[in-house]
Amino acid sequence: GNSVTQMEGPVTLSEEAFLTINCTYTATGYPSLFWYVQYPGEGLQLLLKATKADDKGSNKGFEATYRKETTSFHLEKGSVQVSDSAVYFCALGSYIPTFGRGTSLIVHP
Amino acid sequence: SQTIHQWPATLVQPVGSPLSLECTVEGTSNPNLYWYRQAAGRGLQLLFYSVGIGQISSEVPQNLSASRPQDRQFILSSKKLLLSDSGFYLCAWSGKSGRALLGLGDTQYFGPGTRLTVL
């Protein structure tokens, strides 16, 4: 069956540091891949997505590339801000969506 | 534009009491609807999903049930709450795009959530 594995957190960074949150998946076919972000006390919201191999999703300085050869969809940002502190979920699209367990990001001033 | 509402925002209930959480979607028709639970410090657990009125699929057997009496209304219920039912409940919807119909997935749009505490 489908599965998503993402690195455990929390990830703690200083402002302006480089961010990578790893995500790998197992799936049949060519599902869409997503990153969602959850701010404290709120629901999830779409951050970015990619629908086919080698697609790069990007939004608000965040990027992730759909790598079929390594079955990965790692999230990156060149310079994080305190306001990026949140929980990030990698997800795989299918008839029944599959989510990773979430990675908490804490950014210090 | 589409919006999704959940209520109540917070709820404190005693063990053994009933539960009814409501979710409504505006600005779209015939959506797929989902209920998730998020326990403290843990990921999302899919509880139920629905592809149409009266069509409910359960992912995890437990003392919860779901109903979809109208196209854009999704209700989560319980006859008797357990301590383990505490958590953050999220409703979500997605469209029926070509990719979704092929099982390749479409964006999910989440509501603001209901924080349930069972004492």
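Before reading on, note that the structure itself is shown above.
The rules behind these values
Residues numbered from 1 in each chain as written. Chains lettered and ligands numbered in written order. Predicted model: local features only at pLDDT ≥ 70, side-chain atom pairs only at ≥ 80, totals over all residues. Heavy atoms only, no water. Buried < 20%, exposed > 50% of the residue type's maximum accessible area, 1.4 Å probe, protein only. Helix = DSSP H or I, 4+ residues; strand = E, 2+ residues; numbered from the N terminus. Pairing = 2+ DSSP bridges. Disulfide = S-S within 2.5 Å. Contact = heavy atoms within 4.5 Å. Salt bridge = Lys/Arg side-chain N within 4 Å of Asp/Glu carboxyl O. Polar contact = N/O pair within 3.5 Å; in protein donor to acceptor, adjacent residues only side chain to side chain. Nonpolar A, V, L, I, M, F, W, Y, C, P; charged D, E, K, R; others polar. Axes fitted to C-alpha atoms, helices over the stretch in contact; angles between N-to-C directions.

Participant: Mind showing me how you'd approach the pairing of strand 1 (residues 3–7) of chain B here?
Facilitator: Every other side chain in a regular strand lies on the same face of the sheet, so the side chains alternate between the two faces. Residue and element names in this part refer to chain B. Alternating residues of strand 1 divide into Ile4 and Gln6, all buried, and Thr3, His5 and Trp7, none buried. Strand direction decides the pairing type here: strand 1 and strand 3 (residues 19–26), joined by 5 bridges, are antiparallel. Looking across to strand 3, one finds that His5 is bridged to Thr24.

Participant: Can you help me understand the state of the cysteines in this one?
Facilitator: A covalent bond bridging the sulfur atoms of two cysteines is what the word disulfide describes. Per the stated rule, a full pass over the model turns up 2 disulfides over all chains. The side chain of Cys23 of chain A participates in a disulfide bridge whose partner is Cys90 of chain A; the two sulfur atoms lie 1.9 Å from each other. Judged by the sign of its S-S torsion, about -70°, the cystine formed by Cys23 of chain A and Cys90 of chain A is left-handed. Here the residue Cys23 of chain A occupies a position in strand 4 (residues 23–26), and Cys90 of chain A occupies one in strand 10 (residues 86–92), the gap between them amounting to 67 residues. Judged by its relative accessible area of 0%, Cys23 of chain A is buried. The disulfide partner of Cys23 of chain B is Cys91 of chain B, and the S-S distance across this bridge is 2.0 Å. Disulfide Cys23 of chain B to Cys91 of chain B: torsion about the S-S bond roughly -75°, handedness left-handed. With Cys23 of chain B in strand 3 and Cys91 of chain B in strand 9 (residues 87–94), this residue pair connects regions lying 68 residues apart in the sequence.

Participant: Would you mind going over the interface of chain B and chain A with me for this structure?
Facilitator: Tallying the contact residues gives 24 residues for chain B and 21 residues for chain A. Applying the counting criterion to the chain B and chain A interface returns 0 salt bridges. Along the contact surface separating chain B from chain A lie 3 residue pairs in polar contact (both at pLDDT 80 or more). Its residues assigned to classes, the side of chain B that touches chain A shows 13 nonpolar, 7 polar and 4 charged.

Participant: When you look at the sheet that holds strand 1 of chain B in this model, what are you seeing that I'm missing?
Facilitator: Whether parallel or antiparallel, the strands of a sheet pair through hydrogen bonds between backbone atoms. All names here are of chain B. One open sheet accounts for 4 strands, arranged 1-3-8-7; its pairing is antiparallel. In the strand order of this sheet, the two ends are held by strand 1 and strand 7 (64–70), each with one partner. Each strand of the sheet is rotated relative to its neighbour by a mean of 20°, with strand direction disregarded. When strand 3 meets strand 8 (residues 73–78), the two strands line up antiparallel, connected through 6 bridges. Bridging across to strand 8, Ser20 finds its partner in Ser77.

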